[in-house]
Amino acid sequence: MLYDLLIDPFTQGFMRRALAGCLALSIAAPPLGVFLTIRRMSLTADVLQHGILPGIALGAIAGGLSIWWMGAGGLIAGLLVALLAAAISRATDGREDAGFAGVYLLALAAGVALATHQRGIDLTHLLFGSVLAVDDPALVLMAGVASITLFGLALIWRGLVLESLDPLFLRARGQGRLGMLFHAGFMLLVVLCVVGGFAALGTLMSVGLMMLPAIAARHWSVRLSGQIAASVVVALASSTLGLLLSYHVNLPAGPAILLVAGGIWLASVAAGPEESLRARVAIGAQD
Amino acid sequence: MHLAGRVVGVVTITLDNVALRQSRALVAERVTAEFGPGLTAIAGPNGAGKTTLLRAIVGLHPVSAGRITGNEHPDRLGFLPQSAETDRRFPISCRDFIALGAWGETGAQTAVSGAVAARVQAAVVRMQIEALADRPILRLSSGQFQRLMFARLIVQDTPVLLLDEPFTAVDVATETLLIDQLLAWRDEGRVVIAVLHDHDLIRAFFPNTLLLHRDGMRFGPSASVLAAAHRFARHAA
C-alpha cells in the first residue's frame, strides 16, 4: 500500500528524471528566494517569471522545440526584464509595483500570443509544466543550473549579505562597483533558476519553488543559515510529495508541487517557531 | 593594518573653499577647514549641510566647487551614517555583523581568521555587548544597535572616523561608553569628525568645531565658534 503510494511511481523512468531535476533545483533555488524576500524583491521574481515567457516562445519559433533554444530565449528575455525592473525601481524610487504589473502583464500577453502561433507548443505544459517534459536535455539543464547557482552563490555570498544589509558600506569604501557586481551576479542566478525550472514546473510555476519555501522558512528561523536550510528542506519535500500528487491525481507538475509548498507555508504561518500565529499567542500569554 | 593601541601616521583631511549642492540648491559654500588627529565637531542648524559634508568627505556626494584632500583612500575612512541606512531586520548575528568590518582583509571569499575573530571579540567586550553577541540584530534597541555599529568601526580600524550624529537616541550609559571610545581613538592619534547638536558635549570633549550656517561658516576653537553660533541664533530670533 505505502509502496504503491510512495515508491512505485518512481520505478518509472520519467518520474525519476523529474524527481532528480526538481530535487536539484530544490537545493539551488530556495536560497535565492530567501535573499529575494529579505531584500523585499518578491515582486521582482514575479516579473521575471512572466518576463521569460516571450523569450521562450521566440526561442521555440527560432529553433524549434529544443530545450536549449527555448532556454536561451528565456535567459535573454529574463536578463532584459531584470534590467528593466531595476530601471523601473530606480526611476520610481522604490514605488515600482505599478510599473512591474505593467511589464509582467504585457510579457504574459505577448508570450501567450507568440506561443499559440507556434505549432507544437502545448500552452498548458509551457505555463504549468509537465513531468513528461523532463527529458535528458531538460535534466541536464536543471542540474547544470543548480550547480552553477550553488557555486555562484558561494562566490558572492558574503558580498550579497553585506550589500543587502548595508548598501552604503561598500560605496563608502569606494567599492560601489563591486557592490553592483554582487547584485548583478545575484540577479543572473535568479534568472537562471527561473529558466531552469520551466520545463518541469512551467514558466508560471517556476518561481514558486524559489519563493514559497523561502517565505515558509521565515517562520522557522531568525538566522540566515537557518532560513536557508529550512527553505531547502521545504523545497525537497514539496518536490517529492508534489510529483507523487501529480502522478496519482493526474495534475500538472508545477501546480502539484506548489500546492504542497503552499500547504507547508500555511502550516508554517500557523505553527512555526518564529513570527507565526502560534508564537504570537505564546507572547500574548506571557504579557 | 592593525592600528589599535598605537599612534597612526599623521592624516589630515582638509577642506578648501568647498561648495556642496543638494539637487542643484546650494547647501554650503566657501567651507574651509582642517581636520587633524583628535576630535573635531561639525555643528550647525538643520539643513546647513552637515550630513552632506560628511558624505562628501567619504565620497558619497559630489563636491561642486573647491577641493577636499586627505580622503583619497576611502578604505581608510570609517563612516557611521545616521541609523536609518541599515536593514535592521536582516537575519544576521551581532558577531557576524561586526566581522563584516574586516571586509578590507577578508573580502568576499577569505575565511574569517583567528586574528580577525579575536578583534571582533575584543570589540564586543569593549562595547559591553557580550550577552548580545550571538543573537540576531533584529531586536536590538537603538542604543544597543549604535554599540554594534561602533564595534564594527573598531574592527574596521581606520585612521579616520566620520560619525553622523553618533549619540542620537541612545541612553546615558551608552553615550558615556561611546564618548570613552571617541577619547580612546583620539589617544591613538586617529582623526575623529562628528556631527553633533549638543553644544555642551562639544565644549566638554571637542577642542575644535566647524560651524556650518547660512550666514557663513566658522572654524576654530569650539568655545569661540559656538559663541558665534549663539549670535547667529539670536540674530535669527
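Heads up: the structure comes first, above all this text.
Here's a quick rundown of the structure.

### Side note on the packing of helix α7 (residues 136-165) of chain A against helix α9 (residues 176-196) of chain A
All names here are of chain A. Relative orientation of the contacting elements α7 and α9 amounts to 155°, with a least axis distance of 9 Å. Taken together, the axes of α7 and α9 are roughly antiparallel relative to one another. The way α7 lies across α9 gives a crossing that is left-handed. In contact with L141, M142, V145, A146, I148, T149, G152, L153, I156, G159, L160 and E163 of α7, α9 contributes G179, F182, H183, G185, F186, L189, L192, C193 and G196. Its residues assigned to classes, the contact of α7 with α9 comprises 13 nonpolar, seven polar and one charged.

### Quick word on the interface of chain A and chain B
Taken residue by residue, the interface counts 18 residues in chain A and 20 residues in chain B. For the side of chain A that touches chain B, the secondary-structure elements that each account for two or more residues are α7, α8 (167-172) and α12 (224-249) of chain A. For the side of chain A that touches chain B, the element with the highest residue contribution is α7(A), accounting for seven residues. Of the residues assigned to the side of chain A that touches chain B, the class counts are nine nonpolar, four polar and five charged.

### Quick word on the nonpolar core
Within the largest apolar cluster, 165 residues are counted, with the highest numbers of intra-cluster contacts made by V190(A), C193(A), A200(A) and L162(B). For this core, the element with the highest residue contribution is helix α2 (residues 13-38) of chain A, accounting for 12 residues. Those residues in contact with C193(A), other than ones at most four positions away along the chain, are L25(A), A28(A), A29(A), L32(A), V145(A), T149(A) and M210(A).

### Comments concerning the environment of A111(B)
Residue and element names in this part refer to chain B. Locating A111 in the fold gives a position in the loop between α3 (103-106) and α4 (114-126). Given 9 C-beta atoms within 10 Å, A111 falls into the exposed group. As for A111 and D75, which are separated by 36 residues in sequence, their C-alpha atoms are 20 Å apart.

### A look at the packing of α2(A) against helix α11 (residues 208-217) of chain A
Residue and element names in this part refer to chain A. Packing of α2 against α11 leaves a shortest axis separation of 7 Å and a crossing angle of 60°. Seen along the crossing, α2 lies across α11 with a hand that is right-handed. Contacts from L25, S26, A29, P30, L32, G33, V34, L36 and T37 of α2 reach α11 at L209, M210, M211, P213, A214, I215 and A217. Broken down by class, the residue content of the contact of α2 with α11 amounts to 13 nonpolar, three polar and no charged.

### Focus: α4(B)
Residues and elements named next belong to chain B. If you check α4, its first and last C-alpha atoms are 18 Å apart, about what 13 residues at 1.5 Å a residue would give, namely 18 Å. Three or more residues of α4 are buried, namely R119, V120, A123 and V124. For α4, the angular spread of the buried residues around the axis is 145°, confining them to a single face. For α4, the exposed residues lying more than 90 degrees away from the buried face are G114, A115, A118 and V125. For α4, the secondary structure elements touched by its buried residues are α2 (94-99) and α5 (142-156). Looking one or two residues beyond α4, the residue adopting positive phi is Q128, at roughly 55°.

What counts, and where the lines are drawn
- Residues numbered from 1 in each chain as written.
- Chains lettered and ligands numbered in written order.
- Predicted model: local features only at pLDDT ≥ 70, side-chain atom pairs only at ≥ 80, totals over all residues.
- Axes fitted to C-alpha atoms, helices over the stretch in contact; angles between N-to-C directions.
- Helix = DSSP H or I, 4+ residues; strand = E, 2+ residues; numbered from the N terminus.
- Parallel < 35°, antiparallel > 145°, perpendicular 65-115°, else oblique.
- Left-handed = near helix turned anticlockwise from the far one by under 90°.
- Contact = placed C-beta atoms within 7 Å.
- Nonpolar A, V, L, I, M, F, W, Y, C, P; charged D, E, K, R; others polar.
- Core = buried A, V, L, I, M, F, W, Y, C linked by C-beta atoms within 7 Å.
- Buried ≥ 20, exposed ≤ 12 C-beta atoms within 10 Å, placed from the backbone.
- Expected span 1.5 Å × (residues − 1).
- Arc of directions from axis to C-beta.

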